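# Summary of the model geometry
Chain residues, written in single-letter form:
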Amino acid sequence: MRDTDRALVQAATAVAKLRCRSDNHTVAAAARTADGRVFTGVNVYHFTGGPCAEIVAVGAAATQGAGELETIVAVGDRGRGVLPPCGRCRQVLLDYFPSIRVIVGPMDALRAVPVADLLPDTYVWADHQVAVPVAPRAEGPPVVPAPRADA
């Protein structure tokens, strides 16, 4: 791992120690841009599914006008160490920042991996897919749409 990656883990750990002091905030995240700016966030727990710390950090970066995020890490409260992102965060990170690196692993063996490695066979939104040519329709009678039930 790079020194800048270790510093990012330290930044998230500091936020976790300072701000994760209740059941509402249990994870902190730190994200870094290529130019070295660091943005942090904490999760906002709610029974309806509040945002994870990684998503809050992405929002904080966007609020500050950051462009592409290069690396991100999440750290749990109460000394739980580095936590891998949940599935939803993996998908959001891949969709927004396909080249972002995610720091994962136990504290004595941390590594930064491409987010795509954490989400094999990812879902791709239809509007993000390459246009596929439509095969010509077979000859036959014209297709007449059925009348709508609410018409």
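Residues numbered from 1 in each chain as written. Predicted model: local features only at pLDDT ≥ 70, side-chain atom pairs only at ≥ 80, totals over all residues. Heavy atoms only, no water.

### As for the pairing of strand β6 (residues 111–114)
Alignment of strand β5 (residues 101–104) against β6, held across 4 bridges, turns out to be antiparallel. Residue pairing for β6: Val104 is matched across the bridge by Arg111. In this structure, the hairpin formed by β5 and β6 is closed by a connection of 6 residues, where Gly105 is found at a positive phi of approximately 110°. (Pairing = 2+ DSSP bridges. Helix = DSSP H or I, 4+ residues; strand = E, 2+ residues; numbered from the N terminus.)

### A closer look at the state of the cysteines
Following the criterion strictly, the structure yields 0 disulfides and no others. In this structure Cys52 is not part of a disulfide, and its nearest cysteine sulfur, from Cys89, lies 3.7 Å away. (Disulfide = S-S within 2.5 Å.)

### Some thoughts on helix α3 (residues 87–96)
Listed in full, the buried residues belonging to α3 are Cys89, Arg90, Gln91, Leu93 and Leu94. Those residues of α3 that are buried are in contact with α2 (53–63), β3 (69–76), β5 and α4 (115–118). (Buried < 20%, exposed > 50% of the residue type's maximum accessible area, 1.4 Å probe, protein only. Contact = heavy atoms within 4.5 Å.)

### A short note on the side chain of Arg32
Among the secondary structure elements, Arg32 is positioned in strand β1 (residues 27–33). Side chain to side chain, Arg32 and Asp5 meet in a polar contact 2.9 Å long. The contact partners of Arg32, leaving out residues within four places of it in the chain, are Arg2, Thr4, Asp5, Leu8, Arg37, Val38, Leu69, Glu70, Thr71 and Arg101. (Polar contact = N/O pair within 3.5 Å; in protein donor to acceptor, adjacent residues only side chain to side chain.)

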